[in-house]
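One letter stands for each residue in the lines below.
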Amino acid sequence: MQSIPDLIKKKRDGQELSKEEIQMFVDAVTDKTIQDCQIGAMLMAIWMKNMTVTETVALTQGMMSSGQMMSWPQEWAGRMVDKHSTGGVGDKVSLVLAPALAACDCKVPMISGRGLAHTGGTLDKLESIPGFTVSQTQAQVQEILASVGCCIVGQTEKLVPADRVLYALRDATSTVDSLPLITGSIISKKGAESLSALVLDVKFGRAALYKDLDSAKELAQLMANTGNGLGIRTAAVLSSMDSTIGRYVGNSLEVIESLETLKGNGPDDLMELVTTHGGLLLMMTGMVPDLTTGKTKIAQAVAGGQALSKFQAMMEAQGVTKETARLLCAKNTDYYQVLRKSSHCTELETQENGVVEDVDGMCLAQVLHKLGAGRSSAGAPINHSVGAELLVSLGDKVKKGFPWLKLHYEDPAPTPEQITQLRKSLTIVSGEKSKYQKKKLVKVTLLPD
Ligand code: IUR
């Protein structure tokens, strides 16, 4: 019988661990029969020596089975879908995609997260809607899926307990950025949802976890292989994350932009992501023959208002009053009858004539985070009303003195240094010098075999 130090030594020396050995490690983590220092040593050995796809699948499978697995009625088989994003700035794709998929007859038990570092969290965004309750039991999730078709909820205590232990120790041992550990953490939670199909939105660029396309591709490929290894049809989309998705960043503001998108007034980049992810999921479930048909079906569910109706029903099912949900979904509504408005707004103006060449999403997100849009520490409160509205698009011709950013803030007010940082996030190039070209947002799609 091997001991935990034997397993650590084997990985430390660069050998491949067997499925049984990995299961033994995960069981010891789940049953708390292993010391934190031993877990830390194993995490560091994995970080340094990496894992093969076979090892990563075994780790993910072990983690997935460490707690409760969700189970669904037989008649939903083949229609259970979800997506995961590695995190972006202004990333509100889930808020539009979940109801659009429900309108296309899918079942979407979306388990989302909170803001991490400079990136926003879907749960935080939804909690800016008064009454919206992200904490739902497995039985409640099933009821909402039966009546509405989609829900967006937080992780329950019973789901993948091994991840909670490993994640905390990864943070404490500088081993967060290991491909097999990231993959195990993300895919085990999706696996526990008992999905038929999964799409992964892996971001690359300045405001993403991975800055360059090659490393994002490596993560995407490993996650897609692992998802498929667990029997979930998994595809990955690589999309650029240099600026912002859409024009609004900040919790309440992103809810407003999502609702506008569901009313047919969404920005092109957001709609491209929603239709690509949704189209891939419809294709993978076999509900449509190809991606183009899937994208069209999703776009029609948005344009026809069916996705908005699903969002309204989802809000009501998750604790929002009928009147609040109705007000938010009404045409030409004043969102601030319901959502909290910041007590202060200020507009920043352009300092020269030219073409908008770049807006640095990372720069913007860092300032907004400090102004309260993100958490200062785990569990700290956030200010849902803090955020920013971009008043220009890349490629726009602007004159000096043109308002380009509307900042929504409360307490603290932005410091002069933060205003300078915001100004620096905008690059304007004089007309003749501008090389601005509309870049393709979605780069590569990795499909399962
Ligand atoms: N989100 C997760 O659920 N797990 C991870 O390891 C990372 C993000 I990085």
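Notes on the structure follow. All figures in this text were calculated on a predicted structure; none of them were measured in a lab.

**Section: the overall build of the protein chain**
- The number of helices and strands found in the protein chain is 17 helices and 13 strands.
- Taken across its 449 residues, the protein chain has 56% of its residues classed as buried.
- Nonlocal contacts in the protein chain, meaning residues at least 24 apart in sequence, comprise 77% of its contacts between residues at least 6 apart.
- Total accessible area computed for the protein chain in this model is approximately 18,900 Å², and 51% of it derives from carbon and sulfur atoms.

**Description of the pairing of strand β4 (residues 197-204)**
- Counting buried residues in β4 gives 8 out of 8 residues, a clear majority hidden from the surface.
- Alternating residues of β4 divide into Ala197, Val199, Asp201 and Lys203 and Leu198, Leu200, Val202 and Phe204, and every residue in both groups is buried.
- With 5 bridges joining them, strand β1 (residues 81-85) and β4 adopt parallel strand pairing. Considered in β4, the bridge of Lys83 is made with Val199.
- Looking at chain direction, β4 and strand β5 (residues 233-240) are connected through 8 bridges and run parallel. Following the sheet pairing, Lys203 is matched in β5 by Ser239.

**Digging into the site of the ligand**
- All residues in the neighbourhood of the ligand are listed as Tyr167, Arg170, Ile182, Ser185, Ile186 and Lys189.
- Between an oxygen atom of the ligand and a side-chain N or O atom of Arg170, the distance comes to 2.9 Å.
- In this structure, Lys189 approaches the ligand through a side-chain N or O atom, which is 2.5 Å from an oxygen atom.
- Starting from 280 Å² of accessible surface for the ligand in isolation, the protein chains cover 85%.
- Broken down by secondary-structure element, the contributors of at least two residues to the shell around the ligand are α8 (161-172) and α9 (179-191).
- In terms of residue count, the dominant contributor to the shell around the ligand is α9 (4 residues).

**A look at the sheet that holds strand β12 (residues 426-429)**
- Strand order in this open sheet of 3 strands is β10-β8-β12, and the pairing throughout is antiparallel. Both outer strands of the open sheet, β10 (397-398) and β12, are each paired with one neighbouring strand and no more.

**A few points about the packing of helix α5 (residues 93-103) against helix α14 (residues 306-317)**
- Interhelical geometry of α5 versus α14 gives an angle of 105° and a closest axis separation of 8 Å. One way to sum up the angle between α5 and α14 is to call them roughly perpendicular. Of the residues in α14, those touching α5 at Leu95, Pro99, Ala100, Ala102 and Ala103 are Gln306, Ala307, Lys310 and Phe311.

**A closer look at the environment of Arg12**
- On the secondary structure map, Arg12 appears in helix α1 (residues 4-12).
- Sequence separation between Arg12 and Val288 is 276 residues, and the spatial gap between their C-alpha atoms is 47 Å.
- Excluding anything up to four places from it in sequence, Arg12 contacts Ala45 and Lys49.

**Section: the packing of aromatic side chains**
- Evaluated as defined, the whole model comprises 1 aromatic pair.
- Sitting over the face of the ring of Tyr336, Lys341 holds its NZ or CZ atom 4.6 Å from the ring centroid.

**Observations concerning the nonpolar core**
- Formed by 141 residues in total, the largest nonpolar core has its most connected members in Phe25, Leu101, Ile129, Phe311 and Met315.
- With sequence-adjacent residues up to four places away left out, Ile129 is seen in contact with Val255, Phe311, Met315, Val320, Leu328 and Leu339.

**Section: the packing of α5 against helix α13 (residues 291-303)**
- One way to put it is that α5 packs onto α13 with a least axis distance of 9 Å and a crossing angle of 100°. If you check the angle between α5 and α13, you find them roughly perpendicular. Facing α5, whose interface residues are Val96, Ala100, Leu101 and Ala103, α13 presents Ile298, Ala301 and Val302.
- The class makeup of the residues in the contact of α5 with α13 is 7 nonpolar, no polar and no charged.

**Things to note about helix α2 (residues 19-31)**
- Between its first and last C-alpha, α2 extends 18 Å over 13 residues, near the 18 Å set by a 1.5 Å rise per residue.
- Taken from the residues just after α2, Lys32 is the one with a positive phi, measuring 60°.

**A few points about the pairing of strand β8 (residues 354-359)**
- Looking at chain direction, β8 and β10 are connected through 2 bridges and run antiparallel. Paired with Gly354 across the bridge in β10 is Val398.

**So, the pattern of salt bridges**
- Tallied over the entire structure, the rule returns 20 salt bridges.
- Between Lys10 and Glu21 there is a salt bridge, and its shortest N-O distance comes to 2.9 Å. Note that Lys10 is positioned in helix α1 and Glu21 in helix α2, a separation of 11 residues in sequence.
- Taking the relative accessible area as the measure of exposure, Glu21 reaches 7% and is therefore buried.
- One salt bridge in this structure joins Glu316 and Lys322, with 3.1 Å as the shortest N-O distance.

Reading the values: rules and limits
- Residues numbered from 1 in each chain as written.
- Predicted model: local features only at pLDDT ≥ 70, side-chain atom pairs only at ≥ 80, totals over all residues.
- Heavy atoms only, no water.
- Helix = DSSP H or I, 4+ residues; strand = E, 2+ residues; numbered from the N terminus.
- Buried < 20%, exposed > 50% of the residue type's maximum accessible area, 1.4 Å probe, protein only.
- Contact = heavy atoms within 4.5 Å.
- Areas by Shrake-Rupley, 256 points an atom, 1.4 Å probe, with all protein chains shown as cover.
- Pairing = 2+ DSSP bridges.
- Near = heavy atom within 4 Å.
- Polar contact = N/O pair within 3.5 Å; in protein donor to acceptor, adjacent residues only side chain to side chain.
- Axes fitted to C-alpha atoms, helices over the stretch in contact; angles between N-to-C directions.
- Parallel < 35°, antiparallel > 145°, perpendicular 65-115°, else oblique.
- Phe/Tyr/Trp six-rings, centres within 6.5 Å; stacked < 30°, edge-to-face > 60°.
- Lys NZ or Arg CZ within 6 Å of the ring centre and 35° of its normal.
- Core = buried A, V, L, I, M, F, W, Y, C linked by side-chain atoms within 4.5 Å.
- Nonpolar A, V, L, I, M, F, W, Y, C, P; charged D, E, K, R; others polar.
- Expected span 1.5 Å × (residues − 1).
- Salt bridge = Lys/Arg side-chain N within 4 Å of Asp/Glu carboxyl O.

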